[in-house]
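This is what each chain is made of:
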Amino acid sequence: MTDLLTTRLSRRRVLQAAAIGAVGIDPALRAAVWAAGSDKPEKEEVKIGFIPLTDCASVVMASVLGIDKKYGVKIVPSKEASWAGVRDKLVNGELDFAHVLYGLVYGVHVGAGGPKKDMAVLMTLNNNGQAITLSKKLADKGAVDAASLARLIASDKREYTFAQTFPTGTHAMWLYYWLASAGIDPFKDVKNITVPPPQMVANMRIGNMDGYCVGEPWGQRAIMDGIGITAITTQDIWKDHPEKVLGTTGDFVKKYPNTARAVTAAVLEASKWIDAGLQNKNKMAETIADKSYVNTSVDAINQRILGRYTNGLGKSWDDPNHMKFYGDGAVNFPYLSDGMWFLTQQKRWGLLKEHPDYLKVAGEINRIDIYKQAAAATQTPVPKDAMRTSKLFDGTVWDGKDPKKYAESFKLHA
């Protein structure tokens, strides 16, 4: 077997070895096969940027648990201050990869989110687990959901300010979609600003905004601190929606394809570990709560991770659609239709002036080839179709089949 490991294997043979592993080779040995020979990672230490959010967990745990070493790489997590900083460091090569907003990657690739550069999505890191928070002051005036917010804005005239985390990112798109569902134009009827996730709670506390959309634990933190209420979770807008991704540049994947595969496999295995059970989720919450990572209390993280929600108004519920990192592999596949959806919303709100070739762009960015190799190494099931169908809370169905028509179908748009 030692001779096997030292042989320079072709990618085809490595894939075959991984497939054989499912029926008889020890998983650790199978990983060693992948890390040997011609498929050895070209770059063995990689810097992965992350923002202090619960959904950075799979990147952090891949490093903390030493899963990265199984695949021949060392992951060095790098705590970043803002999504704009993550974008700039990815583009200029200071970061090799990042835990990053899906829409940010697409925005950079098409030139809608700053400097234009070819980008790559290697896997989806999580589904669900974000929320729209309204200030306690708004809630005290009766604004507790989109419809009551619209009534308050119409009757109590003043400037209302809402925060998202990056102009082309996921939180901006969830916020705009939700406001528009109640007839509130996110650009004309309210003011929208960009605030880094960890600064949301402090800014709401001093009255800088009326509401915000962000990832956990910053929705739960506002409730614990008594300054905000959860108006809606993002999984109630779109069940099992795509959220953060493992992103890098197109140039990095071209130069270091084996490294891209190895890191994807390590993060994929960490995702599987998190979702394996209650004990692992609690261990993850304890780990990422540390000041090196999210820097908050464990209880701000672990309740919503387990689906235990409160809205700050006395309502509690168990949410089966809480943040998921693996979901038997359903979470992580980089569906082309998921990426295309963000392009339709960027076009809807004028961030893109013309319709792009939606499918072509998604095919360039979402590296399904790399993902399938990592899935083979980790025994992760892969769906048959690169598109999926989803029904959003307003009844609209998104399947990626006619993105131009979908983008133009909304009553409210830029």
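Up top is the structure these notes are about.
From a predicted model like this one, the values you see are computed outputs, not experimental measurements. (Residues numbered from 1 in each chain as written. Predicted model: local features only at pLDDT ≥ 70, side-chain atom pairs only at ≥ 80, totals over all residues. Heavy atoms only, no water.)

Turning our attention to the overall build of the protein chain. On a plain count of helices and strands, the protein chain comes out with 21 helices and 14 strands. Over its C-alpha atoms the protein chain spans a radius of gyration of 21 Å, differing by no more than 12% from the 22 Å that the globule rule assigns to 414 residues. Each principal axis of the C-alpha atoms in the protein chain carries an extent, and together these give about 75 × 45 × 35 Å. The proportion of buried residues among the 414 residues of the protein chain is 57%. (Helix = DSSP H or I, 4+ residues; strand = E, 2+ residues; numbered from the N terminus. Rg over C-alpha atoms; globule rule 2.2 N^0.38 Å. Buried < 20%, exposed > 50% of the residue type's maximum accessible area, 1.4 Å probe, protein only.)

Looking now at the nonpolar core. The biggest cluster of nonpolar side chains holds 125 residues, and the ones touching the most others in it are Trp83, Leu149, Trp178, Tyr212, Val263, Val267 and Trp341. In this view, Trp178 contacts Ile132, Leu134, Asp145, Ala146, Leu149, Ala231, Ile232, Ile237 and Phe393; residues no more than four positions away in its chain are not counted. (Core = buried A, V, L, I, M, F, W, Y, C linked by side-chain atoms within 4.5 Å. Contact = heavy atoms within 4.5 Å.)

On to the sheet that holds strand β10 (residues 244-249), then. Taken in spatial order, the five strands make up an open sheet running β2-β1-β3-β10-β4, and their pairing is mixed. Each having just a single partner strand, β2 (74-79) and β4 (119-124) make up the two edges of the open sheet. Between one strand and the next, the sheet's axes are offset by a mean angle of 30 degrees, whatever the strand orientation. One ladder, built from five bridges, connects β4 with β10; its direction is antiparallel. Bridge pairing links Met123 to Leu246 in β10. Contacts between helix α6 (residues 83-92) and the sheet are confined to β3 (97-101), β4 and β10, with β3 contributing the most and set at about 140 degrees to the helix. (Pairing = 2+ DSSP bridges. Axes fitted to C-alpha atoms, helices over the stretch in contact; angles between N-to-C directions.)

Moving on to the sheet that holds strand β7 (residues 191-194). Read across the sheet, five strands follow the order β7-β6-β8-β5-β9 without closing on themselves; strand pairing throughout is mixed. Each of the sheet's edge strands pairs with one partner strand only, and the pair in question is β7 and β9 (228-233). Pairs of neighbouring strands in the sheet enclose a mean axial angle of 25 degrees, with direction left out of account.

In this section: the side chain of Thr161. Take Thr161: it is sitting in strand β6 (residues 161-164). When near neighbours in sequence (up to four residues on either side) are disregarded, Thr161 contacts Lys191, Ile193, Asn208, Met209, Asp210 and Gly211.

This part is about the packing of helix α16 (residues 278-288) against helix α17 (residues 298-305). At a minimum axis separation of 9 Å, α16 and α17 run at an interaxial angle of 150 degrees. Looking at the two axes, α16 sits roughly antiparallel to α17. For the pair α16 and α17, the sense of crossing is right-handed. Facing α16, whose interface residues are Lys281, Asn282, Met284, Ala285, Glu286 and Ile288, α17 presents Val298, Ile301, Asn302 and Ile305. Its residues assigned to classes, the contact of α16 with α17 shows six nonpolar, two polar and two charged. (Parallel < 35°, antiparallel > 145°, perpendicular 65-115°, else oblique. Left-handed = near helix turned anticlockwise from the far one by under 90°. Nonpolar A, V, L, I, M, F, W, Y, C, P; charged D, E, K, R; others polar.)

Moving on to unusual backbone geometry. Note on backbone geometry: most residues besides glycine have negative phi, and most peptide bonds are trans. The peptide bond linking Glu216 to Pro217 adopts the cis configuration, its omega dihedral lying at 15 degrees. Checked against the element boundaries, Pro217 lands in the loop between β8 (211-215) and α12 (218-224). In this model, Asn128 sits at a positive phi of 65 degrees, which is unusual for a non-glycine residue. Tracing the backbone shows Asn128 in the loop between β4 and β5 (130-135). On the basis of relative accessibility, which here comes to 0%, the residue Asn128 falls in the buried class. A positive phi angle, close to 55 degrees, is found at Gln379, a residue other than glycine. By secondary structure assignment, the location of Gln379 is in the loop between α20 (368-378) and β13 (390-391). By relative accessible area, Gln379 is classed as partly exposed at 37%.

This part covers the environment of Phe50. Examined against the element boundaries, Phe50 turns out to sit in strand β1 (residues 45-50). Since its relative accessible area comes to 1%, Phe50 is described here as buried. Beyond its immediate sequence surroundings of up to four residues, Phe50 is in contact with Cys56, Pro77, Ser78, Lys79, Glu80, His99, Ser292 and Tyr293.

Right, let's talk about the packing of aromatic side chains for a bit. When we look at a pair of aromatic rings, we describe it by the centre distance and by the angle of the planes. Here the structure, examined in full by the defined rule, presents 21 aromatic pairs. The interplanar angle of 45 degrees and the centroid separation of 5.9 Å between the aromatic rings of Phe187 and Trp349 together place this pair among those described as tilted. Taken together, the positions of Phe187 in the loop between α10 (170-181) and β7 and Trp349 in the loop between α18 (336-348) and α19 (358-365) put the pair 162 residues apart, joining distant regions of the chain. A relative accessible area of 39% places Phe187 in the partly exposed class. Using a relative accessible area of 4% as the deciding quantity, one classes Trp349 as buried. Between Phe252 and Tyr256, the aromatic rings sit 4.7 Å apart at their centres with planes inclined by 50 degrees, giving tilted as the arrangement. The same class applies to Phe252 and to Tyr256, which are both buried. Cluster of aromatic residues (ring-pair linked, three or more members): Tyr102, Tyr106, Trp174, Tyr177, Trp238, Trp341, Phe342, Phe393, Trp398, Tyr406 and Phe410. If you follow Arg348 out to its NZ or CZ, it ends over the ring of Phe410, 3.9 Å from the centre. (Phe/Tyr/Trp six-rings, centres within 6.5 Å; stacked < 30°, edge-to-face > 60°. Lys NZ or Arg CZ within 6 Å of the ring centre and 35° of its normal.)

Three or more residues of helix α9 (residues 146-155) are buried, namely Ala146, Ser148, Leu149, Ala150, Leu152 and Ile153. Among the structural elements, β5, α8 (136-140), β6 and α10 are those in contact with the buried residues of α9. With a side-chain oxygen lying 3.4 Å from the backbone nitrogen of Ala147, the N-terminal cap of α9 falls on Asp145. (Polar contact = N/O pair within 3.5 Å; in protein donor to acceptor, adjacent residues only side chain to side chain.)

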